[in-house]
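Examining the three-dimensional arrangement
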Amino acid sequence: MRVLLAAIMIGLASSSVSAAEIRVMAAGSLKDAFTAIFADFTRHYGSGFTPVWGPSGVLRERLQKGEAFDVFASAALPHAQALTDAGVSGPSVMFARNALCVVTTAGNAIDSGNLIDTLLKPEIRIGTSTPVADPSGDYTWEMFRKIGAMRPGAFETLSGKAQQLFGGPATAAPANGRLRPLVALDDGQIDLFIFYCSGAQQIVRESSKYKSVELPPELSVGPEYGLTVSRKAQPGAADFAMYLLSPQAQVTLKSSGFIPVALPAAP
């Protein structure tokens, strides 16, 4: 009987540990929203999380090389789909959208109407994320191409002078606890930077020193966030993936500046 009780206790302990350690690899732009979602999920369902944040392209490469995970939440659906195609994970789905904004100092005269002309001025220094490593950089380059289609030579000008300040393997972490592009903006290294609107909204909420400028409709690009679950995921991972598509989680994403994709129609 003592042996049986010990086996049951070990099994319960193992189950508890497993349930408490859903390993979520997620885009850094999701950190604030997911922190709130993790807390809600844990409160209702009891599982905890081990999150790993980073640029989606960098995380995807790590997972393709065999790093263990349960859920991958990418800032670009193709990165999640790459794991599906490789047989590493199950199906991939889109669970949120975002948009790009320009962040600059509050006194800068830039707005949506003069955005293209301002970006193309030779003296304007632009900060961006890193293409390939981070979808934010890929979306920014897509925006540059749209401008190039309207203004011949503009893509070469913009991509040539853009300073890739964050989102790369060596620039993913903050600088002294602050966003690298904000440090560069404050130090006068750049005049503006291109960022996810969800993050831009947070920057503006936290300080009146900055403002956020939306892109005009003709420059709209993505972003579309993708979700997939490892084929070796532990119990609870699939439930969490479903929870991300629930009205509760979608409302949390919306409050964090994301564009929900799975909210019911208003009555």
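This section reports on the structure supplied with the text. Since this is a predicted model, take the numbers as computed values, not measurements.

Considerations on the overall build of the protein chain
Scanning the protein chain from terminus to terminus reveals 11 helices and 11 strands. Counting only residues that meet the buried cut, the protein chain has 47% of its 267 residues in that class. Within the protein chain, residue pairs in contact and separated by at least 24 positions form 74% of the contacts whose partners lie at least 6 positions apart. Surface accessibility of the protein chain: about 12,700 Å² in total, with carbon and sulfur atoms responsible for 58%. Side chains of the protein chain give 22 positive and 22 negative charges; the mean places of these two sets differ by 4 Å.

Quick word on helix α2 (residues 31-45)
With 15 residues, α2 should cover 21 Å at 1.5 Å per step; its first-to-last C-alpha distance of 20 Å lies within 8% of that length. Here the buried face of α2 lies against β1 (22-27), β2 (49-54), β3 (71-74), β4 (89-97), α10 (237-244) and α11 (247-255). Gly46, located one to two residues past α2, shows a positive phi value of around 90 degrees.

Digging into the side chain of Gln250
Here Gln250 shows up in helix α11. For Gln250, the side chain forms a polar contact with the main-chain oxygen of Leu244, separated by 2.9 Å. Not counting the four nearest positions on each side in its chain, Gln250 is found in contact with Phe95, Leu244, Leu245, Pro260, Val261, Ala262 and Leu263.

Focus on the sheet that holds strand β8 (residues 192-196)
The strand order across the open sheet formed by five strands is β7-β6-β8-β5-β9, and the pairing between neighbours is mixed. Looking at the sheet topology across the chains shown, the edges are occupied by β7 (163-166) and β9 (210-214). The mean angle between the axes of side-by-side strands here comes to 35 degrees, regardless of whether they run parallel or antiparallel. Relative to β8, strand β5 (residues 100-105) runs antiparallel, the two sharing five bridges. Within β8, the residue paired with Val102 across the bridge is Ile194. Running over the sheet, helix α6 (residues 135-150) touches β5, β6 (126-129), β7 and β8 and is turned about 115 degrees from β8.

Focus: unusual backbone geometry
You will see that Val132, though not glycine, has its phi angle at about 75 degrees, which is positive. Considering the arrangement of structural elements, one finds Val132 in the loop between β6 and α6.

Notes on the sheet that holds strand β11 (residues 259-260)
Sheet strands pair via backbone hydrogen bonds, and the direction of the pair is either parallel or antiparallel. Taken together, six strands build an open sheet; the order of strands is β2-β1-β3-β10-β4-β11 and the sheet is mixed. The open sheet has two edge strands with one neighbour each: β2 and β11.

Digging into the packing of aromatic side chains
For the coordinates displayed, the defined rule picks out 19 aromatic pairs. Where Phe95 meets Tyr225, the ring centres are 6.2 Å apart and the plane angle is 85 degrees; that geometry is what we call edge-to-face. Of the two residues, Phe95 is situated in strand β4 and Tyr225 in strand β10 (residues 224-230); the sequence distance between them amounts to 130 residues. You can call Tyr225 buried: its relative accessible area is 0%.

A closer look at the environment of Leu244
Tracing the chain through its elements places Leu244 in helix α10. Residue class for Leu244 comes out buried when judged on its relative accessible area of 0%. Leu244 sits 89 residues away from Phe155 along the chain, and the two C-alpha atoms are 36 Å apart. Ignoring anything within four residues of it in the chain, the contact list for Leu244 reads Phe34, Ile37, Leu227, Ala249, Gln250 and Leu253.

A short note on the packing of α2 against α10
One can describe the packing of α2 onto α10 by two numbers: an axis separation of 11 Å at closest approach and a directional angle of 120 degrees. Relative to α10, the element α2 is oriented oblique. Two packed elements cross with a definite hand, and for α2 against α10 that hand is right-handed. Note on element contacts: α10 touches α2 through Asp239, Phe240, Tyr243 and Leu244, opposite Phe34, Ile37, Phe38, Asp40, Phe41, His44 and Tyr45.

So, the nonpolar core
Within the largest apolar cluster, 52 residues are counted, with the highest numbers of intra-cluster contacts made by Val24, Leu30, Phe34, Phe95, Phe240 and Leu253. Filtering out sequence-adjacent residues up to four positions away, Phe240 remains in contact with Val24, Ile37, Phe38, Phe41, Phe49 and Val71. Counting residues in hydrophobic clusters, the runner-up holds 14 residues, among them Phe166, Phe193, Cys197 and Tyr210.

What counts and what doesn't
- Residues numbered from 1 in each chain as written.
- Predicted model: local features only at pLDDT ≥ 70, side-chain atom pairs only at ≥ 80, totals over all residues.
- Heavy atoms only, no water.
- Helix = DSSP H or I, 4+ residues; strand = E, 2+ residues; numbered from the N terminus.
- Buried < 20%, exposed > 50% of the residue type's maximum accessible area, 1.4 Å probe, protein only.
- Contact = heavy atoms within 4.5 Å.
- Areas by Shrake-Rupley, 256 points an atom, 1.4 Å probe, with all protein chains shown as cover.
- Lys, Arg positive; Asp, Glu negative; His and termini not counted.
- Charge placed at Lys NZ, Arg CZ, Asp CG, Glu CD.
- Expected span 1.5 Å × (residues − 1).
- Polar contact = N/O pair within 3.5 Å; in protein donor to acceptor, adjacent residues only side chain to side chain.
- Pairing = 2+ DSSP bridges.
- Axes fitted to C-alpha atoms, helices over the stretch in contact; angles between N-to-C directions.
- Phe/Tyr/Trp six-rings, centres within 6.5 Å; stacked < 30°, edge-to-face > 60°.
- Parallel < 35°, antiparallel > 145°, perpendicular 65-115°, else oblique.
- Left-handed = near helix turned anticlockwise from the far one by under 90°.
- Core = buried A, V, L, I, M, F, W, Y, C linked by side-chain atoms within 4.5 Å.

Read these as layout, nothing more, since geometry by itself doesn't imply function.
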